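Next come the chains, spelled out residue by residue.
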Amino acid sequence: IEEGDPESVVNSYNFIIAKLADKMDSAIKKIDDESSYGTFEAHISKIEIAGENSKSNMISSGEKATISVEIEAMNDLKDVTVGIAIRDRFGQEIFGTNTYYYEKNFNLEKGKKYICRFVAEMNISPGKYTLTAALHLGETHLEHCIHWKDRIIDFEVAGIYGKLFVGVCRLNPEISVEVKHS
């Protein structure tokens, strides 16, 4: 159906799946931007990420960061879910979550603007990443996709706070050593 870089093809796949899964098939539409689709009963107007210490999108591994998703409601909506996903430079989703998983869904009132913030220690390896955000009803964007916006912004993780590690993420294990008695 489509050829191209992995992120573009995965985004097209997600669009097709959401369109097939949505009961209001005709309401799902892409806009001129290939990375955005949904019913647009509300839309993601802006997304930002900033490190607590860096105050920018250049974040150290282990630094607490805030991801802010700005939303504008075009209709009244009940029990809206906001989701985020972080992808590495290969387009692999390394982390994703949403307000549904934390029982933090909320209602939107037509004409009002909202900000949903996700605050977390960025325990991911140094490298370049992108952020995706979604508005939907229910657990996933497959149930009723209001707005999916892929690769909205780029950010970089450079340097490490705390213990060094290898791999994609730091798990912060508790380590103990004891003498084994026979």
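Remember, predicted model here, so these are calculated numbers, not experimental data.

**Q** Can you lay out the environment of Thr132 for me, pointing to particular residues and giving the numbers?
**A** Its place among the elements puts Thr132 in strand E10 (residues 127–137). Looking at Thr132, the relative accessible area reads 2%, which means it is buried. Sequence-wise, Thr132 and Arg151 are 19 residues apart; in three dimensions their C-alpha atoms are separated by 4.8 Å. The residues contacting Thr132, other than those within four sequence positions of it, are Gly83, Ile84, Ala85, Arg87, Trp148, Lys149, Asp150 and Arg151. In this structure the side chain of Thr132 is engaged in a polar contact, spanning 2.8 Å, whose partner is the side chain of Asp150. Engagement of the side chain of Thr132 in a polar contact is seen with the backbone nitrogen of Arg151, the distance being 3.0 Å.

**Q** Break down the sheet that holds strand E9 (residues 113–121) for me, citing the residues and quoting the values.
**A** Picture the strands of a sheet paired through backbone hydrogen bonds; they go either parallel or antiparallel. Reading across from one edge, E3-E5-E9 is the order of the 3 strands in this open sheet, with antiparallel pairing throughout. Both outer strands of the open sheet, strand E3 (42–51) and E9, are each paired with one neighbouring strand and no more. Between one strand axis and the next, the sheet turns by 15° as a mean value, whatever way the strands run.

**Q** Kindly report on the packing of aromatic side chains, identifying the contributing residues and their values.
**A** Tallying each qualifying case throughout the model produces 4 aromatic pairs. Here the aromatic rings of Tyr100 and Tyr101 are separated by 6.3 Å at their centres, their planes lie at 75°, and the arrangement is edge-to-face. Between the aromatic rings of Phe106 and Tyr114, the centroid separation amounts to 6.1 Å while the plane-to-plane angle is 35°, which identifies the pairing as tilted. A residue is classified by how much of its surface remains accessible, and Phe106, at 22% relative accessible area, is partly exposed. Of the residues examined, Tyr114 reaches a relative accessible area of 21% and is grouped as partly exposed.

**Q** Any chance you could break down the pattern of salt bridges for me, citing the residues and the numbers?
**A** Taken as a whole and assessed by the stated rule, the structure comprises 4 salt bridges. Salt-bridge contacts for Asp150 lead to Arg151; the nearest nitrogen and oxygen are separated by 3.4 Å. By relative accessible area, which is 1% here, Asp150 ends up buried. With a relative accessible area of 29%, Arg151 lands in the partly exposed category.

**Q** Give me the nonpolar core: which residues, what numbers.
**A** Counting 27 residues, the largest nonpolar core has Ile49, Ile67, Val69, Ile71, Met122 and Phe155 as its most contacted members. Of all elements in the fold, only E3, strand E5 (64–73), strand E6 (77–88), E9, E10 and strand E11 (144–160) reach the threshold of two or more residues within this core. For Ile67, the residues in contact, after removing those within four places along its chain, are Ile47, Glu48, Ile49, Ile84, Cys116, Arg117, Phe118 and Leu131.

Cut-offs and rules
Residues numbered from 1 in each chain as written. Predicted model: local features only at pLDDT ≥ 70, side-chain atom pairs only at ≥ 80, totals over all residues. Heavy atoms only, no water. Helix = DSSP H or I, 4+ residues; strand = E, 2+ residues; numbered from the N terminus. Buried < 20%, exposed > 50% of the residue type's maximum accessible area, 1.4 Å probe, protein only. Contact = heavy atoms within 4.5 Å. Polar contact = N/O pair within 3.5 Å; in protein donor to acceptor, adjacent residues only side chain to side chain. Pairing = 2+ DSSP bridges. Axes fitted to C-alpha atoms, helices over the stretch in contact; angles between N-to-C directions. Phe/Tyr/Trp six-rings, centres within 6.5 Å; stacked < 30°, edge-to-face > 60°. Salt bridge = Lys/Arg side-chain N within 4 Å of Asp/Glu carboxyl O. Core = buried A, V, L, I, M, F, W, Y, C linked by side-chain atoms within 4.5 Å.

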